[in-house]
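Letter by letter, the chains look like this.
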Amino acid sequence: KISYNYLKKRGKSEEEIDKITRKGFADVKTSTKIIKKSECPPELLGNPVFLSKGVKQRRAVTFESRIKNLIKIGKINDAKKSINKTVDLILALWTYGIHEYTYNLPANYGFIGPRAILIDLFEITDNKDLVIKQIKKKKWRKSLSPIKGAPKSIQTYTIRQFDKRINLSKLDQLWGIKRG
């Protein structure tokens, strides 16, 4: 109901809301299958427990909140380490043939203590061709908005880390090597 009201306020028609809802249900079904067949360690995913009416994970701090909080208290090096851990997580997920396709870094990635995790489990794919297209377009550049309020050095650092480490050769090297 909350999502419905949100979409209505954004001017979405009933048809558009229905289409978005159907896609969401399909994403949950597809993503659940991907996770279960991947043999991905649960700690990378916030230790999810699949219930009959959803999924339960350990509480996490979003990527956006963590970076902003670290910057606010002057821990720039810790913010950079958190950025690196998030890239490390993306690469680790690739080894299980999993990719979060929205690159919604602010909300879909987070931290439980020092460990980076994927929070949103239902916007993933195991389609390597899609990942290749996203890498070629450097899709992550569009979703680094929480960094925009950060010092220029953090913005530049984040883009450089993603540009340097998220690449086609790394994808070919890692994709699915730990999948059962």
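Quick caveat: nothing in here was measured; it's all calculated off a predicted structure.

Conventions adopted
Residues numbered from 1 in each chain as written. Predicted model: local features only at pLDDT ≥ 70, side-chain atom pairs only at ≥ 80, totals over all residues. Heavy atoms only, no water. Phe/Tyr/Trp six-rings, centres within 6.5 Å; stacked < 30°, edge-to-face > 60°. Helix = DSSP H or I, 4+ residues; strand = E, 2+ residues; numbered from the N terminus. Buried < 20%, exposed > 50% of the residue type's maximum accessible area, 1.4 Å probe, protein only. Lys NZ or Arg CZ within 6 Å of the ring centre and 35° of its normal.

A.B. asks: How should the packing of aromatic side chains be read in this particular structure?
C.D. replies: Remark: the centre distance and the inter-plane angle together describe each pair of aromatic rings, the angle taken between the planes. Applying the stated criterion to the full structure yields 2 aromatic pairs. Ring centres of Y103 and W140 lie 5.7 Å apart, and the angle between their planes is 65°; this geometry places the pair in the edge-to-face category. A residue pair is termed long-range when its members are at least 10 positions apart, and Y103 in the loop between strand 4 (99–100) and helix 5 (105–108) and W140 in the loop between helix 6 (128–137) and helix 7 (152–165) qualify at 37 residues. On the accessibility criterion, Y103 (0% relative accessible area) is buried. When the ring of W140 is compared with that of F162, the centres are 6.3 Å apart and the planes differ by 35°; the resulting orientation is tilted. Separated by 22 residues along the polypeptide, W140 in the loop between helix 6 and helix 7 and F162 in helix 7 bring together distant segments of the chain. Judged by its relative accessible area of 0%, W140 is buried. An aromatic cluster is present here, built from Y103, W140 and F162 joined pairwise through their rings. Here the guanidinium or amino end of R66 rests over the ring plane of F111, the centre of that ring lying 4.2 Å away. A cation sits over an aromatic face here: K80 above Y157, 5.1 Å from the ring centre.

In short, shape yes, function no, at least from these values alone.
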